[in-house]
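# Structure assessment
Here's the letter readout for the chains.
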Amino acid sequence: MSLARRLLLRFLLVVAALHGVAIGLYYALGVARLPERQQRMFAWTWMALTVAVVFVGLRRLKRARGR
C-alpha cells in the first residue's frame, strides 16, 4: 500500500474518531439541555477541531502525493 493511501486511511479514521468522540460527549454531557451559548461553544469547538484535523491531514496527503 502506498504512503498516500495509508495517510488517506489514517486521515479518514482520525476524522471519524473525532466525530465519534464529539457525538459521545454531546450525549454524555447532555449538551442539548445546556443553555444556547454553551451549545454554540460546543459546536464551535467541534468545528474548529475538525477544521484543524482536515487541514493537517490534507497537507500531509498533498506532500505524500508530491513525492
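Residues numbered from 1 in each chain as written. Predicted model: local features only at pLDDT ≥ 70, side-chain atom pairs only at ≥ 80, totals over all residues. Heavy atoms only, no water.

## What about helix 2 (residues 36-65)?
As a reminder of what qualifies: Working definition: helices are DSSP H or I runs of at least four residues, strands are E runs of at least two. Numbering for both runs from the N terminus. Expected span of a helix: the number of residues minus one, times 1.5 Å. Relative accessibility thresholds used throughout: buried, under 20% of the residue-type maximum; exposed, over 50%; partly exposed, between the two (1.4 Å probe, protein chains only). Whether two residues touch is decided by their heavy atoms; if any such pair falls within 4.5 Å, the residues are in contact.
Along its 30 residues, helix 2 runs 43 Å from first to last C-alpha, staying within 8% of the 44 Å computed at 1.5 Å per residue. Here helix 2 has its buried residues at Phe 42, Thr 50, Gly 57, Leu 61 and Ala 64. Contacts made by the buried residues of helix 2 are with helix 1 (3-28).

## Some remarks on the nonpolar core
What counts, and what does not: The term nonpolar core refers to a set of buried residues drawn from Ala, Val, Leu, Ile, Met, Phe, Trp, Tyr and Cys, joined through side-chain atoms within 4.5 Å.
The biggest cluster of nonpolar side chains holds 5 residues, and these are Leu 7, Phe 11, Val 15, Leu 61 and Ala 64. When contributions to this core are tallied by element, the ones reaching two or more residues are helix 1 and helix 2. The element that contributes the greatest number of residues to this core is helix 1, accounting for 3 residues. Once you skip the residues sitting within four places of it in the chain, Ala 64 turns out to touch Leu 3, Ala 4 and Leu 7.

## Describing the environment of Glu 36
Keep this limit in mind: Each polar contact in these results corresponds to two N or O atoms within 3.5 Å; when the atoms are within protein, one needs to be able to donate a hydrogen and the other to accept it, and residues that are neighboring in sequence are counted only if both atoms are side-chain atoms.
Its location among the elements puts Glu 36 in helix 2. We classify Glu 36 as exposed; its relative accessible area is 55%. Taking C-alpha positions, Glu 36 is 41 Å from Arg 63, a pair spaced 27 residues apart along the chain. Side-chain polar atoms of Glu 36 contact the side chain of Arg 40, separated by 2.8 Å.

## Re the pattern of salt bridges
The condition is simple: A side-chain nitrogen of Lys or Arg and a carboxyl oxygen of Asp or Glu constitute a salt bridge if their distance falls within 4 Å.
One pass over the structure, following the stated rule, counts 1 salt bridge. Note that Glu 36 and Arg 40 form a salt bridge whose closest N and O atoms lie 2.8 Å from each other. Note that Glu 36 and Arg 40 are positioned in helix 2 at a spacing of 4 residues, about one turn of the helix. Judged by relative accessible area, Arg 40 falls into the partly exposed class, the value being 42%.

## Regarding the packing of aromatic side chains
Two numbers describe a pair of aromatic rings. These are the distance of the centres and the angle of the planes. As a reminder of what qualifies: What counts as a ring pair is set by centres within 6.5 Å for rings of Phe, Tyr and Trp (its six-membered ring), and what kind of pair is set by the plane angle: stacked under 30 degrees, edge-to-face over 60, tilted for all other angles.
Going through the model one piece at a time under the given rule, you end up with 3 aromatic pairs. Between the aromatic rings of Tyr 26 and Phe 42, the centroid separation amounts to 6.0 Å while the plane-to-plane angle is 55 degrees, which identifies the pairing as tilted. With a gap of 16 residues between them, Tyr 26 in helix 1 and Phe 42 in helix 2 connect regions that are remote in the sequence. Exposure remark for Tyr 26: the relative accessible area of 27% places this residue in the partly exposed category. Judged by its relative accessible area of 17%, Phe 42 is buried. Both rings, one in Phe 42 and one in Trp 46, keep their centres 6.0 Å apart while their planes meet at 75 degrees; by these two values the pair is edge-to-face.

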